[in-house]
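# Commentary on secondary and tertiary structure
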Amino acid sequence: MLKQISDIVLEAGEIVKTGFYSNKNVEYKGEVDLVTEYDVKTEEFLKEKLQKLFPDFTIVGEESNLDKKDYPHENVIYIDPIDGTTNFVHGVPFVAVSVGVITETEGKYGVVYNPILNELYSAETGMGAYCNGSQIKVSATSSLINSLIATGFPYKKDNLPYLMQILEQVILNTRGIRRAGAASLDLCYTARGIYDLYYETRLQPWDMAGGLIIVREAGGIVTKLDGRYHDIDCDGLIASNGLVHVEFLNLLNEV
Ligand code: IPD
Ligand code: CA
Ligand code: CA
């Protein structure tokens, strides 16, 4: 099943890659929240192919505007056709197609593909996490001062003072911070041991679903911002190698 999902995501990546190197029509979902015809085209392609593979599943895609209260909890496929749309529009090669499949009986699958850098991340619950066929693991860094941290910022700016307070603590207490612009890839880079920890305060299920499984299968942990177990309904998360998680939670408690 993971191979079949991966093949579909690889094909979707070709649409994204074509768009990346073409002129695009950019529309606005909000003041700075962009969408292009390639987001829509890629989502339509994924929905059609994945629905055939999983006929009984509900597909929740970013561009489909399904009401959050109507999301089911199992047998659901979350799709982010282009994670990192701002990067996509500006030509920053940090973009991904992200698919997370949450099943009741057959476990879970996560596939995240960056078609520009040619990196395919995939995981199935209980089977480990892979990048281009090689197994990946989280880092072994055990202190925040030696950690490279990743984050992202929401389109809505209403909790900016809180975000800035966290940022100050992170800058003071870690090796550095990166904001690369695609949550799914931030999760995969954490899974791969490039980042030691990634946090973000407001995300949607399609940003997280694919990458969550990949981090956990790479030996990492993912929690809510308060340290409790993260399920797909919450909006903030901390994903880490597990070793620096508590130190980071303590740091957040000081904010
Ligand atoms: C966004 C990216 C970004 C994150 C935002 C997301 P989009 O997704 O993942 O890194 O900081 O919170 O909304 O809009 O490019 O699919
Ligand atoms: Ca996204
Ligand atoms: Ca998107």
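Okay, so let's go over this structure. Quick caveat: nothing in here was measured; it's all calculated off a predicted structure. (Residues numbered from 1 in each chain as written. Chains lettered and ligands numbered in written order. Predicted model: local features only at pLDDT ≥ 70, side-chain atom pairs only at ≥ 80, totals over all residues. Heavy atoms only, no water.)

In ideal tetrahedral geometry, four donors around a metal make angles of 109.5 degrees, whereas ideal octahedral geometry with six donors gives angles of 90 or 180 degrees. The coordination sphere of the calcium ion (ligand 2) contains the protein donors Asp-80 (OD), Asp-83 (OD) and Asp-207 (OD), at a distance range of 2.1 to 2.3 Å. Mapping the donors of the calcium ion (ligand 2) onto the primary sequence yields the spacing D-x2-D-x123-D. Taken as a pair, the calcium ion (ligand 2) and the calcium ion (ligand 3) lie 3.8 Å from each other and share Asp-80 as a ligand. With Asp-83 in strand E4 (residues 76-83) and Asp-207 in helix H6 (residues 205-217), this pair connects stretches of sequence that are 124 residues apart. For Asp-83, a relative accessible area of 6% puts it in the buried group. Looking at Asp-207, the relative accessible area reads 12%, which means it is buried. (Donors = N, O, S within 2.8 Å, 3.2 Å for Na, K, Ca; no water. Helix = DSSP H or I, 4+ residues; strand = E, 2+ residues; numbered from the N terminus. Buried < 20%, exposed > 50% of the residue type's maximum accessible area, 1.4 Å probe, protein only.)

Time to look at the site of ligand 1. As a structural note, the neighbourhood of ligand 1 is formed by 17 residues, with Asp-83, Gly-84, Tyr-155, Ala-183 and Glu-200 the closest of them. Contact distances for ligand 1 include 2.7 Å between an oxygen atom and a backbone N or O atom of Gly-84. Take Tyr-155: an N or O atom from its side chain is 2.7 Å from an oxygen atom of ligand 1. Coverage of ligand 1 by the protein amounts to 94% of the 380 Å² it exposes when considered alone. The site holding ligand 1 turns out to be the largest pocket. Top element by residues in the shell around ligand 1 is E4. It accounts for three residues. (Near = heavy atom within 4 Å. Polar contact = N/O pair within 3.5 Å; in protein donor to acceptor, adjacent residues only side chain to side chain. Areas by Shrake-Rupley, 256 points an atom, 1.4 Å probe, with all protein chains shown as cover. 1 Å grid on protein atoms, 1.4 Å probe; cavity = no way out; pocket = protein on both sides within 12 Å on 5 of 7 lines; lining within 4 Å. Sits in = over half its atoms within 2 Å of the grid points.)

With that settled, consider the sheet that holds strand E10 (residues 148-151). Pairing in this open sheet of five strands is mixed, and the strands run E11-E10-E12-E14-E13 from one edge to the other. The strands lining the two open edges of the sheet, one partner per strand, are strand E11 (176-178) and strand E13 (221-223). Taken over all neighbouring pairs, the strand axes of this sheet differ in orientation by 20° on average, direction set aside. Alignment of E13 against strand E14 (residues 237-240), held across three bridges, turns out to be antiparallel. (Pairing = 2+ DSSP bridges. Axes fitted to C-alpha atoms, helices over the stretch in contact; angles between N-to-C directions.)

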